[in-house]
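# Overview (structure and organization)
Here are the chains, one letter per residue:
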Amino acid sequence: MDLKLLLLSALLLLICQSRAQQEGSYCIKANAKSCGECIQVGEKCGWCTDPDFLKQGEPTSARCDELDSLKKKGCAVDSIENPRGSVTVNVNKNVTNRKDKSEKVEPHDITQIQPQRITLNLRSGEAQAFDLKFKRAEDYPIDLYYLMDLSYSMKDDLENVKNLGTDLMREMKKITSDFRIGFGSFVEKTVMPYISTTPAKLLNPCTGDQNCTSPFSYKNVLRLTSDGQQFNKLVSQQQISGNLDSPEGGFDAIMQVAVCGEHIGWRDVTRLLVFSTDAGFHFAGDGKLGGIVLPNDGKCHLENGMYTMSHYYDYPSIAHLVQKLSDNNIQTIFAVTNDFQAVYKELKNLIPKSAVGTLSSNSSNVINLIIEAYNALSSEVILENSKLPEGVSMTYQSHCKNGAIGEGESGRKCSNISIGDEVSFHISVKANKCPQHGNSEVIKIKPQGFTEEVVLDLRFICECDCHSKGQPNSKFCNNGNGTFECGACRCNPGRIGRECECSTEDVNSDDLDANCRRDNGTDICSNNGDCICGACECKKREHAEERYSGKFCECDNFNCDRSDNKLCGGHGICECRVCVCNANYTGSACDCSLDTSTCLASNKQICNGRGTCECGTCKCTDPKFQGPTCEICPTCPSVCTQHKECVQCRAFGTGEKKDTCEQECSDFKLIKVSDQSKLPQPVQSFPLVHCKERDTNDCWFYYTYAVNNNTEKEVHVAEKLECPAGPDIIPIVAGVVAGIVLIGLALLLIWKLLTIIHDRREFAKFEKEKMNAKWDTGENPIYKSAVTTVVNPKYEGK
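Quick notes on the rules
Residues numbered from 1 in each chain as written. Predicted model: local features only at pLDDT ≥ 70, side-chain atom pairs only at ≥ 80, totals over all residues. Heavy atoms only, no water. UniProt positions renumbered as here; feature names shortened; annotations may be inferred. Pairing = 2+ DSSP bridges. Helix = DSSP H or I, 4+ residues; strand = E, 2+ residues; numbered from the N terminus. Salt bridge = Lys/Arg side-chain N within 4 Å of Asp/Glu carboxyl O. Buried < 20%, exposed > 50% of the residue type's maximum accessible area, 1.4 Å probe, protein only. Core = buried A, V, L, I, M, F, W, Y, C linked by side-chain atoms within 4.5 Å. Contact = heavy atoms within 4.5 Å.

Under an unreviewed UniProt entry, the protein chain has the name Integrin beta and belongs to Anguilla anguilla. Quoted straight from UniProt, the Sequence similarities (unreviewed entry) entry for the protein chain says "Belongs to the integrin beta chain family."

## Description of the sheet that holds strand S16 (residues 381-385)
Spatial ordering of the open sheet is given by S4-S6-S22-S21-S16-S19, a layout of six strands whose pairing is mixed. Edge positions in the sheet fall to strand S4 (86-91) and strand S19 (413-414), since each of these pairs with one other strand and no more.

## Points about the pattern of salt bridges
In this structure the tally under the stated criterion is 20 salt bridges. Linking Lys189 and Asp252 is a salt bridge whose minimum nitrogen-to-oxygen distance equals 2.8 Å. A residue pair is termed long-range when its members are at least 10 positions apart, and Lys189 in the loop between strand S9 (179-186) and helix H6 (199-203) and Asp252 in helix H8 (residues 250-259) qualify at 63 residues. Overall, the relative accessible area of 1% leaves Asp252 in the buried class. Measuring nitrogen to oxygen at the nearest pair gives 2.7 Å for the salt bridge that ties Asp556 to Arg577. Of this pair, Asp556 sits in strand S30 (residues 555-556) while Arg577 is found in the loop between strand S33 (572-575) and strand S34 (578-581), placing the two residues 21 residues apart along the sequence.

## Concerning the pairing of strand S20 (residues 422-431)
Alignment of strand S7 (residues 128-135) against S20, held across eight bridges, turns out to be antiparallel. Each residue of the ladder has a partner; that of Gln128, found in S20, is Val429. As judged from the eight bridges shared by strand S17 (residues 392-399) and S20, these two strands associate in the antiparallel manner. Residue pairing for S20: Tyr396 is matched across the bridge by Ile427.

## Overview of the UniProt feature "transmembrane region" (unreviewed entry) in the protein chain
The UniProt record annotates "transmembrane region" (unreviewed entry) at residues 729-751. Note that residues 729-751 is 100% helix and 0% strand, and that its end C-alpha atoms are spaced 33 Å apart.

## Considerations on the nonpolar core
Counting 36 residues, the largest nonpolar core has Leu144, Tyr146, Leu168 and Phe183 as its most contacted members. Counting residues per element, this core draws most heavily on helix H12 (residues 366-378), which supplies eight residues. Every residue in contact with Leu168, bar those within four places of it in the chain, is listed here: Leu144, Phe179, Ile181, Ile367 and Ile370.

Below you can see the structure in the form of structure tokens.
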């Protein structure tokens with residue numbers, strides 16, 4: 001199991017190293033010719049400005065590399081150009097916190113989003129982040145424009161709307177003290193087949209005795225005003241009109257309401273558009289039925305409050321309408337009857353910051369509908385940004401009420417926001433490249449439906465600081481053929497080479513190629529580079545740490561010998577295909593250690609005195625010994641076995657050597673102790689071995705063997721032997737007899753039990769057959785009675 005984990009760890013390490021090398025190599029792969037090009041490759045790329053940094057054969061692009069790699073190659077920290085991005089808050093007005101609600105505050109003095117202007121210095125690949133704060137202001141002004149369908153089917157609705165002004169004003173005062181209301185109406189384009197163009201129908205499009213006004217496309221009846229009585233007065237003067245088809249021209253009216261701000265009177269406050277109808281709508285393309293093919297231009301065409309170009313421009317598309325409503329921060333409330341709920345709910349999904357309410361058949365519930373829709377719209381904040389420049393991305397993270405955090409598209413919005421609630425957004429902006437024209441852009445972020453916005457000034461870092469210190473026509477660049485900047489030459493058009501020493505017309509000259517061949521060989525730059533201006537520029541490797549070098553690119557730092565799959569064994573560096581080993585290492589792959597500490601045995605002798613230390617590993621000269629320090633001897637007897645006979649004869653006078661004990665067993669000092677517990681214990685000063693051996697009488701004896709600091713052998717023996725006790729005969733015999741008797745009794749009882757069971761079964765069987773027997777009670781066929789009765793045939797019974 002340990003081996004598998006080790007292999008898995010090694011594999012993961014190799015994968016991580018490989019990925020790290022591949023990530024770092026993109027700076028080299030970019031082939032950047034200047035510092036400005038280098039820093040646009042990625043945030044990890046730096047440029048070395050040291051004029052002496054490049055080795056022979058290395059191209060100018062080798063100055064661009066990952067920061068750590070540049071340091072390893074010898075570039076000083078103060079010679080590395082690595083500009084970083086930054087965030088600067090320019091306008092940071094606090095969000096409005098009204099303590100005195102009775103105090104009148106102008107709309108332009110109310111702040112709901114903070115900060116208001118930020119400058120971002122962006123370097124390619126490096127994200128810059130900032131936080132936005134949003135707080136719903138109390139008593140925020142509201143402008144509401146009521147746009148009503150005045151086709152004939154809305155006749156009963158108009159009666160209820162005539163008193164809408166004062167009633168709605170009274171209810172909205174509960175939400176805000178600054179409320180204005182306006183009114184507009186629409187019917188349809190004044191061309192066939194939408195309306196009848198006969199003179200009589202143009203004057204009165206209704207049938208029978210109904211008195212209707214002439215049809216029109218859109219009419220602005222009342223600019224936004226705070227006078228509810230005036231709203232009621234003007235609305236009460238309106239008359240129903242009529243058209244031929246079911247869908248209405250409401251989109252024309254919405255477009256004019258959105259773009260004709262001066263005519264409608266929109267302020268920079270919350271803008272609500274209530275669209276009331278009981279029918280569907282025409283959209284882009286439907287104008288072809290009336291011969292209208294020009295697309296809607298999205299401009300204001302109101303004269304005396306009337307839309308004058310309905311017969312000239314087609315209906316707007318939904319996308320066009322969405323754009324104009326968003327550009328003018330208008331939130332739309334669709335008050336429609338139940339029959340068209342499904343249609344307008346689909347439309348709501350396409351229009352940001354819009355709501356749909358169910359309008360009663362006579363519009364009697366319109367006030368409650370407006371208030372509920374307003375509360376739903378204002379309780380949600382959704383951030384949107386203007387079009388991003390090419391190569392710029394933006395991510396959002398929302399921090400809403402109760403600690404809720406949103407990511408992705410959910411990071412743009414927060415819901416269930418009440419008046420006075422504060423939420424925040426963490427926004428990150430990242431540029432992947434510099435723009436083609438200019439080094440600055442402006443984008444805007446704003447909450448949908450609000451006029452306030454945050455302006456982001458984007459400044460792109462496209463050049464290094466050293467670029468401004470460049471020396472045009474420098475003498476270092478072949479006497480004026482380039483600009484010397486950031487430690488390298490940026491060649492003039494038509495010139496190439498590290499020092500701009502060559503013209504592009506001379507690159508393929510045979511005479512120049514001859515200077516790139518080693519020993520008059522046939523390979524140009526050893527097949528590891530290109531001949532530029534008579535000098536070799538070595539190829540770049542996929543991995544940033546690997547490179548070719550030398551006048552003819554004949555050297556490299558990755559083709560040296562390896563050990564344990566490591567270049568130069570991990571104990572040296574590869575220079576021109578030869579390992580230069582670190583101190584205490586030698587060998588072609590630097591895998592031979594000169595340190596002998598790994599060869600020390602437990603007795604502090606090198607290889608236990610039975611071998612030599614080579615490359616940090618013992619080579620045992622005695623074939624019986626093995627192991628990393630020549631201390632293992634599988635065939636050698638143990639210390640206990642080796643001294644058993646001598647200890648036995650000297651301590652107890654027994655054993656095989658009792659007759660030759662004095663001659664063969666006098667090489668150690670014998671010390672007797674009373675029992676095993678008195679034997680000495682191991683100490684660090686010298687090794688000690690505890691032994692337990694058996695004699696010929698099957699008795700155990702204990703002793704210790706040690707070599708003290710004076711190299712004298714000492715043996716401590718416990719005089720007390722452990723001998724096995726003999727068997728107790730009486731219990732054994734008694735147990736055997738008792739066992740036989742008990743087994744006999746058990747067998748007898750079993751036999752008796754089986755006999756009783758068998759007899760009872762037979763008796764029960766007999767009783768059962770006896771009960772089942774049936775006795776025949778009929779006449780005996782062999783019985784003859786002694787009485788014979790004869791009947792006289794002639795007897796007539798008289």
